[in-house]
Amino acid sequence: MDCWFPGYNVRDAKAFKKILDLLASPDGKNISMIFVMFTPGFSAALAAAPETLPNGIHPRRVFKNDSKHGGHFHIRFATRNP
Ligand SMILES: [Zn+2]
């Protein structure tokens, strides 16, 4: 699923926090991967994030650096269609 919000394209620590909040929400448990074209600020924020979120998600296992995701980020859900 392609996603975007105002401020995403700079992909700074603030943008990271916004996506992390989504990952930390109850729905975050259904997210298996998030593709982002990392910036140095984004990478630093990810490195500084907690190892495990309260919902059991490990942010550093979910975020993937991908060069095609500078203009939007991409969420892959773990839930498969029956
Ligand atoms: Zn995408």
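Everything discussed here concerns the structure shown above.
Model, not experiment: these values are computed from the prediction.

One open sheet holds the four strands; their spatial order is S1-S4-S2-S3, and the pairing between them is mixed. A single partner strand is all that each edge strand has here, and the edge strands are strand S1 (2–3) and strand S3 (63–65). In this sheet, strand S4 (residues 73–77) lies alongside strand S2 (residues 31–36) in antiparallel orientation, the contact comprising four bridges. The residue bridging Ile31 from the neighbouring strand is Phe77, located in S4.

Turning our attention to the pairing of S2. As paired strands, S2 and S3 are joined by three bridges and run parallel to one another. Within S3, the residue paired with Ile34 across the bridge is Phe63.

What follows concerns the environment of Arg61. Turning to its location among the elements, Arg61 is positioned in helix H3 (residues 59–62). Separated by 29 residues in sequence, Arg61 and Ser32 have C-alpha atoms that sit 8.5 Å apart.

The rules we used
Here the residue numbers are simple positions, counted from 1 along each chain's written sequence. At least 70 in pLDDT is required for a residue's local features to be given in this predicted model, at least 80 for side-chain atom pairs to be given and counted, and no such filter applies to totals for whole chains, interfaces and linings, which use all residues. Note on pairing: two strands pair once DSSP finds at least 2 bridges between them. Put simply, DSSP H or I for four residues or longer makes a helix, DSSP E for two residues or longer makes a strand, and each gets a number counted from the N terminus.

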